[in-house]
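Each chain, written out:
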Amino acid sequence: MANLNQDGQREQWGSKIGFILAAAGSAVGLGNLWKFPYMAGKNGGGAFVLVYFIMLFLVGFTLMLAEITLGRKTQLNAIGAYRKISKKWSWVGALGVLAGFIILSYYSVVGGWVINYIVKSFSGALKIADADVLGGMFGNLISGTTEPIIYHAIFMLITMIIVIGGIGGGIEKSSKILMPGLFIMIVIIALRAMTLPGAVEGIKYLLVPNFSAINIGVILDALGQVFFSLSLGMGCMITYGSYLSKDTNIPESATVIPLIDTGVALLAGLIVLPAVFAFGYEPSAGPGLLFITLPAVFAQMPLGTLFSILFFFLVLFAALSSSISLLEVCVSYVVDEWKIKRKVAVSGIGFAMFLIGILASLSFGRLSNITIIGGRNIFDSLDFVASNILLPLGGLLLCIVVGWIWGTDKAIKEASNDGKIEFKLAPFWAILVKWVGPVAISIVFIRSLLG
Ligand code: PHE
């Protein structure tokens, strides 16, 4: 069976902080560093951030607690956990596994771009302060055929190698070094970006909401982003929670992890958007923002090359600590239920993801004229289906299973370690998970379907 140590017991995190950093490692990733700034840029800046915060409080914390609690209670993978609560609901876990599969296939393409930018940083190719030239360079990379696919393959291979090695010491140990490192770097670079001439406009754009920019599209994007960024709605936190010992303080963890995640996302926004305005770029430029404006900032900094190398390495590590968790959700299910070897499962799933990822990669070049959902190319369609449909749907169903099928009394008993620790907000959480979460998600869904 999967995930057992030599004594035949389920593997566990070595320490409390180890779990928090690993779970924060899953949450903090490309979603924060790459997606949040361009989502904010696309959706009116402060308007998006405001709606993001509302969604974070209504559903983010609530579902984080629900997933971790469900995982620790059942000590099982995503599908197994739902099945243990009720046989009728195991398909919810399956939806999550499907979402993980889709997300990693295109996530890995972006991970590949990051590796390419590490190489470019070393070679000095990025030492250009002109954002137009950098924009052209980025466009050349992603619209290519073989180059981005090779880097996508490298990213997927690294993810696969780590997951083959199991999740215990590896993830936890690396998270303990990488997460604090990432935090220090991101603060330093944010300070630099915010002091660029003209940066104030960017800070204002991000933090001052323009209410007229809020529409149903912005709300759906913000909801999807909360799920994506916090790794919620697909059983990832169920899986990580299943490696917890019975004495962990879940309410505390479920508060700290979203706070770390949101802090990093805001800092990333405070790096990218001030730089965008300082260089006279369009905030709505899309997925290229991180790869175009950041190098422009680095090119103007003393020791810029060094910073650029370090930064893209840290982006890579943040991406890997997330991609591992995405692959692990699929792998642990297959190993448990289909009774095949971990190595075989990782190879098979990883390869299939790699193939789908090729289509996502080519959708910026040769296949760019293929549009699937609402004019979106293949890459954006995969992201839309996973982030804006499957994850919120998974979250809605999670609320129903935890709030109504399992029942909030039992869940609160588990989350408070049988009443041994304080869980002051328990009655409030029960209302959120039973009513507010499902109603909020349903309204956003139905409204967005109506257009
Ligand atoms: N939260 C990760 C990020 O922000 C992505 C992710 C989504 C990871 C869902 C696991 C599950 O990059």
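What comes next is a walk through the structure. (Residues numbered from 1 in each chain as written. Predicted model: local features only at pLDDT ≥ 70, side-chain atom pairs only at ≥ 80, totals over all residues. Heavy atoms only, no water.)

### Observations regarding the nonpolar core
Within the largest apolar cluster, 165 residues are counted, with the highest numbers of intra-cluster contacts made by Trp113 and Phe291. With 18 residues, helix α14 (residues 304-338) is the single largest residue contributor to this core. Excluding its chain neighbours within four sequence positions, the residues that come into contact with Trp113 are Trp34, Phe138, Leu141, Ile142, Phe291 and Phe364. (Core = buried A, V, L, I, M, F, W, Y, C linked by side-chain atoms within 4.5 Å. Buried < 20%, exposed > 50% of the residue type's maximum accessible area, 1.4 Å probe, protein only. Helix = DSSP H or I, 4+ residues; strand = E, 2+ residues; numbered from the N terminus. Contact = heavy atoms within 4.5 Å.)

### A short note on helix α13 (residues 289-299)
Working note: α-helix, 3.6 residues per turn, so residues spaced by three or four point in the same direction. Most of α13 sits out of view: ten of its eleven residues are buried. Buried within α13 are the following residues: Leu289, Leu290, Phe291, Ile292, Thr293, Leu294, Pro295, Ala296, Val297 and Phe298.

### Here we look at the site of the ligand
By nearness alone, 15 residues border the ligand, and Ala27, Gly31, Tyr107, Phe228 and Ser231 come closest of all. A distance of 3.2 Å separates a nitrogen atom of the ligand from a polar atom in the backbone of Ser26. Ala27 is positioned such that a nitrogen or oxygen atom in its backbone is 2.9 Å from an oxygen atom of the ligand. Coverage of the ligand by the protein amounts to 100% of the 320 Å² it exposes when considered alone. Listing elements by their share of the shell around the ligand, those giving two or more residues are α1 (16-27), α2 (30-42), α10 (216-229) and α14. Taken together, the residues of the shell around the ligand sort by class into seven nonpolar, eight polar and no charged. (Near = heavy atom within 4 Å. Polar contact = N/O pair within 3.5 Å; in protein donor to acceptor, adjacent residues only side chain to side chain. Areas by Shrake-Rupley, 256 points an atom, 1.4 Å probe, with all protein chains shown as cover. Nonpolar A, V, L, I, M, F, W, Y, C, P; charged D, E, K, R; others polar.)

### Let's talk about the packing of helix α6 (residues 131-142) against α13
Remark: α6 packs on α13, axes separated minimally by 9 Å, with the N-to-C direction vectors making an angle of 140 degrees. As summarised for this structure, α6 and α13 are arranged oblique, according to the angle between their axes. The handedness of the crossing between α6 and α13 is right-handed. On α13, the residues that touch Ala131, Leu134, Gly135 and Phe138 of α6 are Phe291, Ile292, Pro295 and Ala296. For the contact of α6 with α13, the per-class residue count stands at seven nonpolar, one polar and no charged. (Axes fitted to C-alpha atoms, helices over the stretch in contact; angles between N-to-C directions. Parallel < 35°, antiparallel > 145°, perpendicular 65-115°, else oblique. Left-handed = near helix turned anticlockwise from the far one by under 90°.)

### Considerations on the environment of Ser108
On the secondary structure map, Ser108 appears in helix α5 (residues 90-123). Linking Ser108 and Ile154, residues 46 residues apart in sequence, is a C-alpha distance of 8.9 Å. With residues up to four places along the chain from it excluded, the contact list for Ser108 reads His152, Phe155 and Met156.

### A closer look at the packing of aromatic side chains
Going through the model one piece at a time under the given rule, you end up with 32 aromatic pairs. Ring centres 6.4 Å apart and planes at 85 degrees place the aromatic pair Phe122 and Phe313 in the edge-to-face group. You can see Phe122 sitting in helix α5 and its partner Phe313 sitting in helix α14, a full 191 residues away along the chain. Site record: aromatic cluster; members linked through ring pairs are Trp34, Tyr38, Tyr106, Trp113, Tyr117, Phe138, Phe291, Phe298, Phe311, Phe312, Phe364 and Phe379. Its end group placed over the ring of Trp404, Lys434 keeps NZ or CZ at 4.5 Å from the ring centre. (Phe/Tyr/Trp six-rings, centres within 6.5 Å; stacked < 30°, edge-to-face > 60°. Lys NZ or Arg CZ within 6 Å of the ring centre and 35° of its normal.)

### Focus: the packing of helix α7 (residues 146-164) against α14
At their nearest, the axes of α7 and α14 sit 9 Å apart, and the two run at 60 degrees to each other. As the angle between them shows, α7 and α14 are arranged oblique. Where α7 crosses over α14, the two elements pack in a sense that is right-handed. Counting all contacts with α7, which are made through Phe155, Ile158, Thr159, Met160, Ile162 and Val163, the residues of α14 involved are Leu316, Ala319, Leu320, Ser323, Ile324, Leu327, Glu328 and Val331. When its residues are assigned to classes, the contact of α7 with α14 shows eleven nonpolar, two polar and one charged.

### Details of the side chain of Thr408
With respect to the secondary-structure elements, Thr408 resides in helix α16 (residues 378-415). Leaving out residues up to four positions away in the same chain, Thr408 has contacts with Val402, Gly403, Trp429, Ala430, Val433 and Lys434.

### Some remarks on the pattern of salt bridges
Under the defined criterion, the tally for this structure stands at nine salt bridges. We note a salt bridge from Glu414 to Arg72, for which the minimum N-O separation is 2.9 Å. Of this pair, Glu414 sits in helix α16 while Arg72 sits in helix α3 (residues 46-74), placing them 342 residues apart in sequence. Residues Glu414 and Arg72 agree in their burial class; the two are buried. Put simply, Glu337 and Arg83 hold a salt bridge, and the shortest N to O gap is 3.0 Å. Of this pair, Glu337 sits in helix α14 while Arg83 sits in helix α4 (residues 78-85), placing them 254 residues apart in sequence. The class of Arg83 is partly exposed, set by a relative accessible area of 32%. A single network of salt bridges, built from pairs that share partners, joins Arg72, Lys246 and Glu414. (Salt bridge = Lys/Arg side-chain N within 4 Å of Asp/Glu carboxyl O.)

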